[in-house]
Amino acid sequence: MTRAGAGLDTPVMRQYLAMKEKVRDAVLFFRMGDFYEVFFEDAELAARELGLTLTTRDKGKVDPVPMAGVPHHAVEGYIARLVGRGYRVAVCDQVGDPAQSKGLVARRMTEIVTPGTTLSDALLTETRNNFVAACLPAADHVGFAAADVSTGEFLVEDLPADGWRDAVALIPIAEWVVSEGAEDRARDRSRATVRRPPAWFDPARGRELLTGHFGEASLGAAAVLDLGPALGAGGALLQYLREVRGPELRHLVRVRRFGSSEFMVLDAATVRNLELTRPLHEGETGTTLLSVLDHTVTSLGARRLRTWVERPLVRRAAIVERLDAVSELLQRPDETEALVETMRRVRDLERLLGKAAAGRAGPRHLRALGESALATPELRERLGAFRAALLTSLAAGVQDLAPLGRKLDSALADQPPLAAGDGGVFRSGWNADLDELRDRARGGKEWIARLQEDERARTGIPSLKVGFNKIFGYYIEVTSAHQEKVPDRYLRKQTLVHAERYITPELKEEEERILGAEERLRALEIELFSGLVRDVVAEASSIQEVADAVGTADALASFARAAREGRYARPEIVEEPVLALSESRHPVLERLLPAGEFVPNDCDLDARSRQIAIITGPNMAGKSTFLRQTGLIAILAQMGSFVPAASARLGVVDRVFTRVGASDNIARGQSTFLVEMEETSAILAGATGRSLVLLDEIGRGTSTYDGLSIAWAVTEHLHDRAGGRPRTLFATHYHELTVLPERLSRAVNLTVLVKEWNGKVVFLRRIVEGAADRSYGIHVAELAGLPGAVVDRAREILQALEDGRFASGGGSPSSQLTLFEPSDGGLLSELRTLEPEAMTPLEALSLLTRWKRRYGNGGP
Ligand code: ADP
Ligand code: MG
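Residues numbered from 1 in each chain as written. Chains lettered and ligands numbered in written order. Predicted model: local features only at pLDDT ≥ 70, side-chain atom pairs only at ≥ 80, totals over all residues. Heavy atoms only, no water.

Asker: Which parts of the structure should I look at to understand the overall build of the protein chain?
Answerer: Within the protein chain, the regular secondary structure consists of 29 helices and 26 strands. Taken over C-alpha atoms, the radius of gyration comes to 37 Å for the protein chain, far larger than the 29 Å a tight globule of 860 residues would show. Taken along its principal axes, the extent of the C-alpha atoms in the protein chain is 145 × 75 × 65 Å. A buried classification covers 51% of the 860 residues belonging to the protein chain. In the protein chain, once contacts between residues fewer than 6 apart in sequence are set aside, the share between residues at least 24 apart is 69%. Entry remark: accessible area of the protein chain is about 39,700 Å², with carbon and sulfur atoms responsible for 52%. Across the protein chain, the mean location of the 109 positive side-chain charges is 3 Å away from that of the 120 negative side-chain charges. (Helix = DSSP H or I, 4+ residues; strand = E, 2+ residues; numbered from the N terminus. Rg over C-alpha atoms; globule rule 2.2 N^0.38 Å. Buried < 20%, exposed > 50% of the residue type's maximum accessible area, 1.4 Å probe, protein only. Contact = heavy atoms within 4.5 Å. Areas by Shrake-Rupley, 256 points an atom, 1.4 Å probe, with all protein chains shown as cover. Lys, Arg positive; Asp, Glu negative; His and termini not counted. Charge placed at Lys NZ, Arg CZ, Asp CG, Glu CD.)

If you want it as structure tokens, here you go:
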């Protein structure tokens, strides 16, 4: 391979710099000969990120240009790696034949690959969407738009300015487009943030652009035109997509409201704590809620299910609609099985269509799409067998794509090659011109094959060969030894060391026919193939509707299967703010433990009477598990799934808040307490009378009295606050909090039973009403083998602490405030016994000085 040269002030370098000017925020891969070269900062970046060797152009000169390169055949992999790390890459290719062109080779930007707009299989995950998003902050709203180019989804919404990040936290956004002017905190760190002029974000312009692309009718149907700043974000996003992916974006036909008010808000911390879609510890598998639920048989279904897990519903009717569908699927296992079998035939229609629309589909993609299309009549029938409203409406959405399927099937060979133009894309008998050209090409090749035999016989030269090379085409080769037998009609073309090569007029004529036929064959194949692609894209909206139906049906069938295998119950969704579970289990843990080992528990919360449950019990008793399973069950129910419990009654939850204690993420170090308090204040600010709050230890990260006081005050606040009374589970190691139910009418105590057996602690995992024995920790320590003297001393200290500093309260509500004697180091008691009238002024002054010394700096 050769590496073409270029100096800094050369035509090619000027060409490079002009290109780079257009894609300043991308790494430019510039084709030069057999290499793609990157220059300047791009070269340094590529050397760092890809481990390429950094060299320089014009080593001798004063300012050598840093350069790095990759061989052209390996470029895809390098690009994927960079884009996978959040960079944008622009590819500049040579156009026209460099061997033919004199002087500067013409070059053209052929592709821009970015994290959020890529269609590369190497960068996309089948079971996950991949979005590029734009946002436009306005007065009290943030305009938001997101597109998944690979599936054709386009979402817009005006989100409330506070909390909009939580609302979008779960969308897999690989790239952001923001206005150049906008200050931007969180995303500055991300490489994959591109900035575009503020004018791009103008809502009026956005409205025009969106209308132009999606059409007035579909914008109206999706209630998009009522939006404010979201139109600006949507317009900017559309312009960005055009910049990167070209003007057409033909499969981007589905515009929708993101509909934040339709969904439960799950902030990032909660999603992480509850391990909804990602394990808490990297590398663990099978520990997420998604992994337990996912029995989908299509990529469409897998993506849909993930979205559902991340966005549970909040409208009762919508939840019940899904539950009804799951019920029927469960009750009719044969029909369900048949439906699932049919769905197995449906490939990733969204992404296949995406490839087709972007002109990146090959024959095999269309083949897969065609096979899926052929399944649509059966799919429609199978879905039509059900009566649940949701399933019926899905059936109605399944357009009959069999005609398209038949067209593709009759055209495409059973096992077509990767690319059109490779030959063998189409079946014979499908297109007469194609067949004729094929025959001609094949006939010509046979003629040439025969020629060798014929000429050997005619000339009597046994070693005579017919060969082909790119420069001379077909030739007849005769070794030097037989030159005298060469007939006159042979025309000498080339002399080799031991042989001469000849042509004949007939040979050239035949050659022309063959090559002409082959070239035309190739061209025709490409032309016919793009015709098929057009046919596919013409059906874009029907294909997407089918994809939608399959995604939903597959996710519902997956729920049914999870319910059957896990013996889940249908939750009752009610209006009252209750959360009543009997024999509930943790959906993931019960599967990880040996069968029968998980101990089911009841939960009985009601915002009106049993709003807050304070759960005490020793470490490892099962408190955290109980909290998590309760949260998971609420989320499951609102996804429309059955739940791991004997029975469940649930008043719709608008948000699940979790706060997981310091003990559960020790690794985070010093800032833990601050983080804990930030999370706690976010809960107090955001929780409503419809929320579910799961507090797993508060106040661990600070001194005991500090922590206890905060925990206490937080509990009171949740109980009495004006902003509504969230159902709350509070697991705590502060036994002191167990007196709260005496003071707070809607608080109750729960505890986890533990017993002693053969001198060992046995965790019974049963949650019961009541408070844990306050010396339980010491008891457990004793059982664990702590020396008797230490245990005895601990009991003594506990007693002293209780007697001296803890008054068990009761009585007037305001006594909460004086619950603890201030830890003043004895100042108060000294004051009590003091007799000022018996002191001299000097004594008084020196006492004051002593106190100042002792307490003056903020305490003993
Ligand atoms: P705590 O928060 O009280 O310290 P955890 O909830 O972390 O306790 O539970 C400790 C361990 O006990 C868990 O890892 C789990 O293996 C087991 N466990 C918890 N709850 C149950 C249960 N209901 N049935 C069986 N095992 C359980
Ligand atoms: Mg715990």
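Picking up where we left off.
Asker: Sorry, what's going on with the layout of surface pockets here?
Answerer: With a probe scaled to a water molecule rolled over the atoms, the places where space remains empty come into view. When its volume is computed, the second largest pocket comes out at roughly 1,200 Å³. Looking at the second largest pocket, it is lined by 39 residues, and the ones nearest its centre are Arg 256, Phe 263, Arg 304, Trp 308 and Arg 322. Contributing elements (two or more residues each) for the lining of the second largest pocket: strand S9 (153–160), strand S12 (254–257), helix H10 (299–310), helix H11 (316–331), helix H16 (389–397) and helix H20 (540–566). By residue number, the principal contributor to the lining of the second largest pocket is H10, which donates 7 residues. (1 Å grid on protein atoms, 1.4 Å probe; cavity = no way out; pocket = protein on both sides within 12 Å on 5 of 7 lines; lining within 4 Å. Points joined across faces, edges and corners; volume = space filled by probe spheres on them.)

Asker: What is the right way to look at the site of ligand 1 in this model?
Answerer: Taken together, 14 residues sit near ligand 1, with Val 599, Met 620, Lys 623, Ser 624 and Thr 625 positioned nearest. Interatomic distance of 2.8 Å between a backbone N/O atom of Val 599 and a nitrogen atom of ligand 1. Between ligand 1 and the protein, one listed contact pairs an oxygen atom with a side-chain N or O atom of Thr 625 at 2.6 Å. In isolation ligand 1 exposes 560 Å². Once the protein is present, 80% of that is buried. Looking at which element gives the most residues to the shell around ligand 1, the answer is helix H22 (residues 623–639), with 3 residues. Its residues assigned to classes, the shell around ligand 1 shows 7 nonpolar, 4 polar and 3 charged. (Near = heavy atom within 4 Å. Polar contact = N/O pair within 3.5 Å; in protein donor to acceptor, adjacent residues only side chain to side chain. Nonpolar A, V, L, I, M, F, W, Y, C, P; charged D, E, K, R; others polar.)

Asker: What's the story with the packing of aromatic side chains in this structure? I'm lost.
Answerer: Each pair of aromatic rings is reported with the distance of its centres and the angle of its planes. Under the counting rule described, the total for this entry stands at 12 aromatic pairs. A centroid spacing of 6.3 Å and a plane angle of 35 degrees characterise the contact between Tyr 16 and Phe 40, whose relative ring orientation is tilted. Note that Tyr 16 is positioned in helix H1 (residues 11–22) and Phe 40 in helix H2 (residues 40–50), a separation of 24 residues in sequence. Connected via pairs of aromatic rings, a cluster forms that spans Tyr 16, Phe 30, Phe 39 and Phe 40. Of note, Arg 322 hangs over the ring of Trp 308, and the distance from its end group to the ring centre comes to 3.7 Å. Stacked on the ring of Tyr 475, the Lys or Arg Arg 501 has its end atom at 4.1 Å from the ring centre. (Phe/Tyr/Trp six-rings, centres within 6.5 Å; stacked < 30°, edge-to-face > 60°. Lys NZ or Arg CZ within 6 Å of the ring centre and 35° of its normal.)

Asker: What is the right way to look at empty space enclosed by the protein in this model?
Answerer: Scanning the entire structure with this criterion turns up 2 cavities of 30 Å³ or more. Estimated volume of the largest cavity: approximately 110 Å³. Along its surface, the largest cavity is lined by 13 residues, and Asp 166, Ala 167, Met 264, Val 265 and Arg 311 are the ones closest to its centre. The residue inventory of the lining of the largest cavity, partitioned by class, reads 9 nonpolar, 1 polar and 3 charged. Quantified by volume, the second largest cavity comes out at close to 50 Å³. In this structure, the second largest cavity is lined by Asn 273, Leu 274, Ser 624, Leu 627, Arg 628, Thr 658, Val 660, Leu 694 and Asp 696. Among the elements of the structure, H22, strand S22 (656–660) and strand S23 (692–696) are those that each provide at least two residues to the lining of the second largest cavity. Take the lining of the second largest cavity: its biggest share by element is 3 residues, from H22. Considering only residue class, the lining of the second largest cavity consists of 4 nonpolar, 3 polar and 2 charged.

Asker: I would appreciate a short explanation of a nonpolar patch on the surface in the present structure.
Answerer: On the surface, a cluster of nonpolar side chains totalling about 240 Å² of accessible area is made up of Tyr 705, Ile 797 and Leu 801. Along the chain, Ile 797 turns up in helix H27 (residues 788–805). Since its relative accessible area comes to 39%, Ile 797 is described here as partly exposed. (Patch = residues over 30% accessible without salt bridge, like charges linked within 9 Å, V, L, I, M, F, W, Y side chains within 5 Å. Salt bridge = Lys/Arg side-chain N within 4 Å of Asp/Glu carboxyl O.)

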